[in-house]
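Listed here are the chains, written in short residue letters.
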Amino acid sequence: MGLLDTILGRSKPVRPDLDQLFAVPSAALTLQAGAGFIPTGLGSVCFAGVEGGTFARIRRDVEELLDADTDRGGIPVEFSQDSYGYTWLLSRRSPDDVAALVNDLHAVNTLLQDGGFGPQLLCSLIGFRDAEGRSLALVYLYKRGTFYPFAPVRGGAEKRDNQLELQIRATLGDDLRVEKDLSRWFPVWGAPGL
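Residues numbered from 1 in each chain as written. Predicted model: local features only at pLDDT ≥ 70, side-chain atom pairs only at ≥ 80, totals over all residues. Heavy atoms only, no water.

1. Focus: the sheet that holds strand E6 (residues 146–150)
The strands making up a sheet associate through backbone hydrogen bonding, with each pair oriented either parallel or antiparallel. Threshold: The criterion for strand pairing is that DSSP finds at least two bridges linking the strands in question. Strands here are runs of E lasting at least two residues and helices are runs of H or I lasting at least four, both read from the DSSP assignment and numbered beginning at the N terminus. Axis angles are defined between N-to-C directions and span 0 to 180 degrees, where every axis is a line fitted to C-alpha atoms and, for a helix, only to the segment in contact. Any two residues whose heavy atoms approach within 4.5 Å at even a single point are treated as in contact.
Spatially, E2-E3-E1-E4-E5-E6 is the arrangement adopted by the six strands of the open sheet, whose pairing is antiparallel. Of all strands in the sheet, those bounded by a partner on one side alone are strand E2 (78–81) and E6. Adjacent strand axes in the sheet meet at a mean angle of 25°, parallel and antiparallel pairs treated alike. As paired elements, strand E1 (residues 38–48) and strand E3 (residues 86–92) share seven bridges and run antiparallel to each other. Following the sheet pairing, Val-45 is matched in E3 by Leu-89. Packing against the sheet, helix H2 (residues 24–35) makes contact with E1, strand E4 (121–129), strand E5 (135–141) and E6, and its axis sits at approximately 35° to E4. Strand contacts of helix H5 (residues 162–172): E5 and E6, with the helix running at about 140° to E6, the strand carrying the most contacts.

2. A short note on the pattern of salt bridges
The following threshold applies: Salt bridges are counted wherever a side-chain nitrogen of Lys or Arg sits within 4 Å of a carboxyl oxygen of Asp or Glu.
The final tally for this structure, using the stated rule, is seven salt bridges. As a salt-bridge pair, Glu-78 and Arg-92 come within 3.1 Å of each other at their nearest N and O atoms. Taken as a pair, Glu-78 in strand E2 and Arg-92 in strand E3 lie far apart in primary sequence, 14 residues in all. Between Arg-134 and Glu-132 there is a salt bridge, with the nearest N and O atoms lying 3.8 Å from each other.

3. Re the pairing of E3
Spelled out, the test is: For every residue, the accessible area (1.4 Å probe, protein chains only) is compared with the maximum for its type, and the residue is labelled buried under 20%, exposed over 50%, or partly exposed between those bounds.
Among the seven residues in E3, five count as buried, and that is most of the element. The pairing of E2 with E3 spans four bridges and is classified as antiparallel. Within E3, the position partnered with Gln-81 by the bridge is Thr-87. Connecting E2 to the next strand, E3, in antiparallel fashion are four residues, including Gly-85 with a positive phi near 90°.

4. A word on H2
Helical geometry: 3.6 residues make up each α-helical turn, so side chains three or four residues apart lie on a common side. Formally: The arc in question is the one spanned by the directions pointing from the helix axis to the C-beta atoms.
For H2, the set of buried residues is Val-24, Ala-27, Ala-28, Leu-31 and Ala-35. The buried residues of H2 occupy an angular sector of 110° when the element is viewed end-on, so they sit on one face. Turned more than 90 degrees from where H2 packs its buried face, Leu-29 and Ala-33 sit exposed. Buried residues along H2 sit in contact with E1, helix H4 (98–117), E4, E5, E6 and H5. Positioned one or two residues after H2, Gly-36 has a phi angle of 80°, which is positive.

5. Some details on the packing of H2 against H5
Convention followed: In what follows, roughly perpendicular refers to angles from 65 to 115 degrees, roughly parallel to angles under 35, roughly antiparallel to angles over 145, and oblique to any angle outside these ranges. Working rule for handedness: look at the near helix, and if it is turned counterclockwise from the far one by less than a right angle, call the crossing left-handed; if clockwise, right-handed. The classification used treats Ala, Val, Leu, Ile, Met, Phe, Trp, Tyr, Cys and Pro as nonpolar, Asp, Glu, Lys and Arg as charged, and all other residues, Gly among them, as polar.
With their axes 10 Å apart at the nearest point, H2 and H5 run at an angle of 120° to one another. In terms of their interaxial angle, H2 and H5 are classed as oblique. The chirality of how H2 crosses H5 is right-handed. Where H2 approaches H5, its residues Ala-27, Thr-30, Leu-31, Gly-34 and Ala-35 are matched on the opposing element by Gln-167, Ile-168, Thr-171 and Leu-172. Across the contact of H2 with H5, the residue classes break down as five nonpolar, four polar and no charged.

In structure tokens form, the structure reads like this:
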């Protein structure tokens, strides 16, 4: 970053740190003990769709890697596209094995990043639910290297439980690098895995 960048108020973007995802299993224990939320075993990665042979090869590599255990009872990954044109990959694991889910999400992010598609990565999320049936996602912002909680209100309306999100932020403050800028806590309505 140079003097001109400082004068114009430009900041150097945070370099993504995919290893931050490995803090989620510990955070899941904190969520369960501190707020009663348990993992659902669902997690997803969102990225901007890309065309071309290189991307198609990486997508096949991702499927082969994550579907390697389907002959032993594993559930195949699912790809879908949302109404905004973003592609989602959904991985399913046992709710008791958050580490395996995190490994899946990390592998997808790493393959895309190493294949030159890092700029297309948007976020990853890990789903949780409490005894009342409330949903919660820990969302990892790839370009910021931070997490934030997303808690949609039940009932199908696009409303958030802001109080719960702030409570989760306080609960996880020591476990995860939580995004400080609340305007970056984007809603992920209808995200697979939520």
